[in-house]
Protein chains: 2
Amino acid sequence: MEFSENLFAKHMSPISGSAIRDIFQLLGKPGMISFAGGNPSNQALEPEVIAPIAEEVIRTVGAPILQYGATEGYAPLRGSIRAFLKEDGIDCAEEEILPTEGSTQGMDLLLKTLIDPGDTVLVEDPTFLGALQAIRTYHANIVPVPSDEKGVIPEALEDAIKAHHPKLIYVIPTFQNPTGLTLTIERRKRIAELAAQYGVIVAEDDPYRDLRYAGEAVPTIKSFDKEGWVVYLASFSKLISPGMRVGAMVISLPKLMRKCVIGKQSSDLHCPLMTQAIVDSYLRKGLLRPHIERITAGYRAQLKAMLDGFVAFPAGTAHTSPEGGLFVWASLPEDMDALALLNKAIERGVAYVPGTHFYANGGHVNTFRLNFSNSPVEKITEGMEKLAAVMNENR
Amino acid sequence: MEFSENLFAKHMSPISGSAIRDIFQLLGKPGMISFAGGNPSNQALEPEVIAPIAEEVIRTVGAPILQYGATEGYAPLRGSIRAFLKEDGIDCAEEEILPTEGSTQGMDLLLKTLIDPGDTVLVEDPTFLGALQAIRTYHANIVPVPSDEKGVIPEALEDAIKAHHPKLIYVIPTFQNPTGLTLTIERRKRIAELAAQYGVIVAEDDPYRDLRYAGEAVPTIKSFDKEGWVVYLASFSKLISPGMRVGAMVISLPKLMRKCVIGKQSSDLHCPLMTQAIVDSYLRKGLLRPHIERITAGYRAQLKAMLDGFVAFPAGTAHTSPEGGLFVWASLPEDMDALALLNKAIERGVAYVPGTHFYANGGHVNTFRLNFSNSPVEKITEGMEKLAAVMNENR
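The structure presented is a predicted model; accordingly, all values stated were derived computationally and were not measured.

Trainee: Hey, could you run me through the sheet that holds strand E5 (residues 151–152) of chain A in this one?
Mentor: Through backbone hydrogen bonds, the strands of a sheet pair up, either in parallel or in antiparallel fashion. Residue and element names in this part refer to chain A. Within the open sheet, the eight strands sit side by side as E2-E9-E8-E7-E6-E3-E4-E5. Their pairing is mixed. With partners counted over all chains shown, the strands left at the sheet margins are strand E2 (97–100) and E5, one partner each. With four bridges connecting them, strand E8 (residues 230–235) and strand E9 (residues 247–250) associate as antiparallel partners. Looking across to E9, one finds that alanine 234 is bridged to alanine 248. Set on the sheet, helix H3 (residues 75–87) makes contact with E2, E8 and E9; between it and E2 the angle comes to about 105 degrees. Seen against the sheet, helix H4 (residues 102–114) touches E2, strand E3 (120–125), strand E6 (168–171), strand E7 (201–205), E8 and E9 and runs at an angle of roughly 150 degrees to E8.

Trainee: Looking at this structure, how should I read the interface of chain B and chain A?
Mentor: Many authors give the size of an interface as the accessible area that is lost as the parts come together. In this complex, chain B contributes 93 residues to the contact, which on the side of chain A involves 92 residues. When the two sides are added together, the surface that chain B and chain A hide from each other amounts to roughly 7,500 Å², 59% of it contributed by carbon and sulfur. Run the count over chain B and chain A and you get four salt bridges. Close ionic contact of aspartate 108 of chain A with lysine 112 of chain B constitutes a salt bridge, the shortest N to O distance being 3.1 Å. Our count for the contact surface shared by chain B and chain A stands at 26 residue pairs in polar contact (both at pLDDT 80 or more). Sorting the residues of the side of chain B that touches chain A by element identifies helix H1 (19–25), helix H2 (47–61), helix H4 (102–114), helix H5 (129–137), helix H7 (185–198), helix H8 (254–267) and helix H9 (273–284) of chain B as the ones contributing at least two each. Among the residues forming the side of chain B that touches chain A, the class breakdown is 40 nonpolar, 31 polar and 22 charged.

Trainee: Would you mind going over the relation of the copies chain B and chain A with me for this structure?
Mentor: Two copies of one chain are present, and they are related through a rotation about an axis combined with an axial shift. Screw-axis analysis of chain B against chain A gives a translation of 0.0 Å along the axis, an RMSD of 0.0 Å, and a rotation angle of 180 degrees. Taken together, the rotation and translation describe the operation of a two-fold axis. When C-alpha distances to the rotation axis are compared across chain B, the minimum falls at glutamate 55 of chain B, with a value of 2.6 Å. Interface overlap between copies is the fraction of interface residues in one copy that are interface residues in the other; for chain B against chain A it reaches 99%, indicating a shared surface.

Trainee: Quick question: what am I supposed to make of the environment of glutamate 193 of chain B here?
Mentor: All names here are of chain B. With respect to the helices and strands, glutamate 193 occurs in helix H7. Given the relative accessible area of 41%, glutamate 193 is considered partly exposed. When the C-alpha atoms of glutamate 193 and glycine 118 are compared, they prove to be 25 Å apart, with 75 residues separating the residues in sequence.

Trainee: Explain the pattern of salt bridges here, please?
Mentor: Pairing between side chains of opposite charge can happen when the charged atoms of each approach one another. Inspection of every chain in the model, using the stated rule, returns 42 salt bridges over all chains. Lysine 222 of chain B serves as the salt-bridge partner of aspartate 225 of chain B, at 2.9 Å between the closest nitrogen and oxygen. By the burial criterion, aspartate 225 of chain B is buried, and lysine 222 of chain B matches it. Salt bridges linked by common partners bring Glu87, Asp210 and Arg289 of chain A together as one network.

Trainee: Just to check I follow, could you spell out the nonpolar core for this structure?
Mentor: Within the largest apolar cluster, 270 residues are counted, with the highest numbers of intra-cluster contacts made by Leu256 and Phe368 of chain A together with Leu256 and Phe368 of chain B. For leucine 256 of chain A, the residues in contact, after removing those within four places along its chain, are Leu110, Thr113, Leu114, Ile201, Val231 and Ile251 of chain A together with Phe3 and Phe8 of chain B.

Trainee: Could you clarify how one ought to interpret the confidence of the model for chain A in this entry?
Mentor: Atom-level detail of predicted coordinates should not be read off regions where pLDDT is low. With 96% of its residues at a pLDDT of 70 or more, chain A has an overall mean of 95. Among the scores for the predicted complex, ipTM is 0.95 and pTM is 0.96.

Trainee: Explain the packing of H4 of chain A against helix H8 (residues 254–267) of chain A here, please?
Mentor: Each pair of packed helices can be described by the angle between their axes along with the distance between the axes. Residues and elements named next belong to chain A. Contact geometry for H4 and H8: axes closest at 9 Å, N-to-C directions at 105 degrees. Comparing the axis directions of H4 and H8 gives the class roughly perpendicular. On H8, the residues touching Gln105, Asp108, Leu109, Leu110, Lys112, Thr113 and Leu114 of H4 are Leu256, Lys259, Cys260, Gly263, Lys264, Ser266 and Ser267. Of the residues in the contact of H4 with H8, the class split is five nonpolar, five polar and four charged.

Trainee: Would you take a moment to explain the packing of aromatic side chains for this structure?
Mentor: Geometry of an aromatic ring pair is reported as the spacing of the ring centres plus the angle between the planes. One pass over the full model with this rule turns up 22 aromatic pairs over all chains. Here tyrosine 352 of chain A and phenylalanine 368 of chain A contribute two aromatic rings whose centre-to-centre distance is 5.2 Å and whose plane-to-plane angle is 55 degrees, an arrangement assigned as tilted. A residue pair is termed long-range when its members are at least 10 positions apart, and tyrosine 352 of chain A in the loop between strand E12 (350–351) and strand E13 (353–354) and phenylalanine 368 of chain A in strand E14 (residues 367–371) qualify at 16 residues. As far as burial versus exposure is concerned, tyrosine 352 of chain A and phenylalanine 368 of chain A are alike and both buried. On the basis of an interplanar angle of 15 degrees and a centroid distance of 6.4 Å, the ring pair of phenylalanine 313 of chain B and phenylalanine 368 of chain B is categorised as stacked. Of this pair, phenylalanine 313 of chain B sits in the loop between helix H10 (288–309) and strand E10 (318–319) while phenylalanine 368 of chain B sits in strand E14 (residues 367–371); the two residues are 55 residues apart in sequence, bridging distant segments of the chain. Grouping residues by exposure puts phenylalanine 313 of chain B and phenylalanine 368 of chain B together as buried.

Trainee: Please explain the sheet that holds strand E11 (residues 327–331) of chain B as it appears in this structure.
Mentor: Residues and elements named next belong to chain B. Strand order in the open sheet formed by four strands is E10-E11-E14-E13, and the pairing between neighbours is antiparallel. Lying at the two open borders of the sheet, with one neighbouring strand each, are E10 and strand E13 (353–354). Sheet topology places E13 next to E14; two bridges connect them, and they run antiparallel. From the neighbouring strand, valine 353 faces E14, where its bridge partner is arginine 369.

Trainee: Can you walk me through the side chain of lysine 238 of chain A in this structure?
Mentor: Its place among the elements puts lysine 238 of chain A in the loop between E8 and E9. Buried charged residue lysine 238 of chain A carries no salt bridge. Nearest counter-charge: aspartate 205 of chain A, at 8.4 Å. Reaching out from lysine 238 of chain A, the side chain makes a polar contact with the side chain of tyrosine 68 of chain B at a distance of 2.4 Å. Those residues in contact with lysine 238 of chain A, other than ones at most four positions away along the chain, are Gly38, Pro207, Tyr208, Leu211, Ile295 and Leu326 of chain A together with Tyr68 of chain B.

Trainee: I would appreciate a short explanation of the pairing of strand E4 (residues 141–148) of chain B in the present structure.
Mentor: When a strand is regular, its side chains alternate between the sheet's two faces. Residues and elements named next belong to chain B. With six bridges connecting them, strand E3 (residues 120–125) and E4 associate as parallel partners. Looking at the pairing, valine 123 lines up with proline 144 of E4. In this structure, E4 lies alongside strand E5 (residues 151–152), joined through two bridges in antiparallel fashion. Residue aspartate 148 lies in a different strand from E5, and its bridge partner there is glycine 151.

Trainee: Which parts of the structure should I look at to understand helix H11 (residues 338–348) of chain B?
Mentor: Residues separated by three or four positions in an α-helix point in the same direction, a consequence of the helix having 3.6 residues per turn. Residue and element names in this part refer to chain B. Of the positions making up H11, those classed as buried are Ala338, Leu341, Leu342, Ala345 and Ile346. Axial view of H11: buried residues confined to an arc of 150 degrees, hence all on one face. Of the exposed residues in H11, the ones pointing more than 90 degrees away from its buried face are Asn343 and Glu347. Two or three places before leucine 339, at the start of H11, stands the capping residue aspartate 337, its side-chain oxygen 2.9 Å from that residue's backbone nitrogen. Immediately downstream of H11, the backbone of glycine 349 shows phi near 95 degrees, a positive value.

Trainee: I tried to follow helix H9 (residues 273–284) of chain A on my own but got confused; where do I start?
Mentor: Here H9 of chain A spans 16 Å end to end across 12 residues, near enough to the 16 Å set by a 1.5 Å rise per residue. Taken across its 12 residues, H9 of chain A has 11 buried, putting it largely inside the fold. Along H9 of chain A, the residues that are buried comprise Leu273, Met274, Thr275, Gln276, Ala277, Ile278, Val279, Asp280, Ser281, Tyr282 and Leu283 of chain A. Packed against the buried residues of H9 of chain A are helix H2 (47–61), H3, E2 and helix H10 (288–309) of chain A together with H2 and H9 of chain B.

Trainee: Can you help me understand unusual backbone geometry in this one?
Mentor: Most peptide bonds adopt trans geometry, and most residues besides glycine take a negative phi value. Between aspartate 125 of chain B and the following residue, proline 126 of chain B, the backbone shows a cis peptide bond with an omega angle of 10 degrees. As for its position among the elements, proline 126 of chain B is in the loop between E3 and H5. The peptide bond linking asparagine 177 of chain B to proline 178 of chain B adopts the cis configuration, its omega dihedral lying at 20 degrees. Along the chain, proline 178 of chain B falls in the loop between strand E6 (168–171) and H7. In this model, phenylalanine 175 of chain A sits at a positive phi of 50 degrees, which is unusual for a non-glycine residue. In this fold, phenylalanine 175 of chain A is placed in the loop between E6 and helix H7 (185–198).

About the thresholds
- Residues numbered from 1 in each chain as written.
- Chains lettered and ligands numbered in written order.
- Predicted model: local features only at pLDDT ≥ 70, side-chain atom pairs only at ≥ 80, totals over all residues.
- Heavy atoms only, no water.
- Pairing = 2+ DSSP bridges.
- Helix = DSSP H or I, 4+ residues; strand = E, 2+ residues; numbered from the N terminus.
- Contact = heavy atoms within 4.5 Å.
- Axes fitted to C-alpha atoms, helices over the stretch in contact; angles between N-to-C directions.
- Buried area = accessible area lost by both parts, 1.4 Å probe.
- Salt bridge = Lys/Arg side-chain N within 4 Å of Asp/Glu carboxyl O.
- Polar contact = N/O pair within 3.5 Å; in protein donor to acceptor, adjacent residues only side chain to side chain.
- Nonpolar A, V, L, I, M, F, W, Y, C, P; charged D, E, K, R; others polar.
- Least-squares fit on C-alpha atoms with pLDDT ≥ 70 in both.
- Buried < 20%, exposed > 50% of the residue type's maximum accessible area, 1.4 Å probe, protein only.
- Core = buried A, V, L, I, M, F, W, Y, C linked by side-chain atoms within 4.5 Å.
- pLDDT = per-residue confidence, 0-100.
- Parallel < 35°, antiparallel > 145°, perpendicular 65-115°, else oblique.
- Phe/Tyr/Trp six-rings, centres within 6.5 Å; stacked < 30°, edge-to-face > 60°.
- Lys, Arg positive; Asp, Glu negative; His and termini not counted.
- Arc of directions from axis to C-beta.
- Expected span 1.5 Å × (residues − 1).

See below:
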């Protein structure tokens, strides 16, 4: 018998893979300057530091590090993550922490646990396209909520809650992906209130929080959460290593924690003990804060070079000026099409992600997202010049 | 607002976690002899071998091992798994191999990709309880198919296919969990034929294959698969380390591979590169086959000690005599209750898993599963004596 598309689960049929990953296929060309990804700089990765730590933890822990572990996570890591989060103003018990394969798995477990097909998830507009894809995988009804330069708009969020009775609200509050913008403290407080008032779980995805190059830290939404409606998703991908896939959920409701643990049992049983133990050791040795200081100095200069590069863009181009994170968001004049221009940019040797992919309902083809963390300053300057030339020639 | 159970996805409501893991809570008592788990022996784990390999691969690969990787897997590992599988008679291209977090994730991705709520999955009766839990998570209709001492019965399987039009058939053909029995070559061939004839995906979960202590290797179901209906799930958990969570799917249908990759993107993005690179290096150094020879010698002696221990059990006790794997399956006389006796056994300092948990529809309370890999020979002898005493006192 011939294999037919009909055999796939219905919810998987419309899913065709991440647009970003397809763009990646085009980036193999030598000399390509890519503003398309979300990778940390290779300069921010420390194989020479991690290699001896790996050797040390395997030798020190011995056979148990190679044995089956608890789905709930490697106990010492839960302790060191607790201390790390406390520095960021999140005061939780170790029992509230569930190590995950990056914050990607945290979102997947929330969806697995909460969403029946047709349930509504509210998202920012625009939002991270990987999250949109994950939500679609669970066949949820995605409702985008308007944002402005202060982040998602609480009045619009409340209207959407009343109209759609969502199970879940997905928010990236700090140096948002794709906009780079940060949700204000007043709005964070209000979101925590709305979650409790209407009984909706908030997924606070906060992987960029510690990559701040200017301004003052803003408390997390989770820090305003009194009843446990906010689930905080932390990640070490942007701070230590994305390839190790170590993140964590903070889940204050014991019933929800139990369901996520059960969901994780059948997803992967547990995170590898080795990667958990390496991150634990890295944190306990006090290596993270000095490392963050070092990498933020580099990223700050890269961000400045990118923002400077907008001077040559067509009149009417607008862009965000983020205080941290990895991304700058831009919009060309309304009559221009960043989606259509991508191929020309790639021919010229520079790549970005068209902004339309970050909108749940598409459109906004004049927008685009630029990443600055993965290119050195001189390449950023060169790439921005090339990009400006493409945009100017096609306006 | 108070968090309510109603917020959980309906498909998650009946799921209360693995019975085995709850039993594990009782095993902390000092001196407890546990036949309950499925752990490899700590003696079979090699932290002294893995530690320098970890150090070496991180230093040699450098920053890219800490960077984001491809969902499709670490390319060298796909190559070394291909060579490993070829020795076992599975001749596939690297593009057919998807590294996963143990075979657990392989089954999860098949379910995520294929199953809409209400779709049918056929399973052996009894079967691995972790698989039953995973299938329930996707709200599938589980239909158990009768097995005998040669494994699942092809005539019964064909009847079930005709009656229920399943999307997926889950089989553990070699040293099955929980029975320890091996599906005959004729039946393997027939299952591959039935899959193609009726257009049903077969998940061939084969983690114990290389742990053979007697008899001759039997070709995989996959080796009889001409059209790609059989997905082979391999795992290094029982051979190198369960804590590293490295396994692989062999998926010959490109469309199915693409969907599983998309499903994995939103599950965890990719497996950690470090654990993939360590297993790759271990395989390329030729360490696996001599290691398997060493550990099978130990497990063979442990299995013998366990089988010898049945002599003291109540008359009418039956048990399997597996040629490999980690488990022995036993049934007490029909009027006895292994589920009810578990607490008495634990009081006496010995634990097992009641067989009823491995049956999709429960029942069979006179059966139980014993693991021999995780206890040294003298403890096995002692534990079997204690268990025989409990059974005899309560017959």
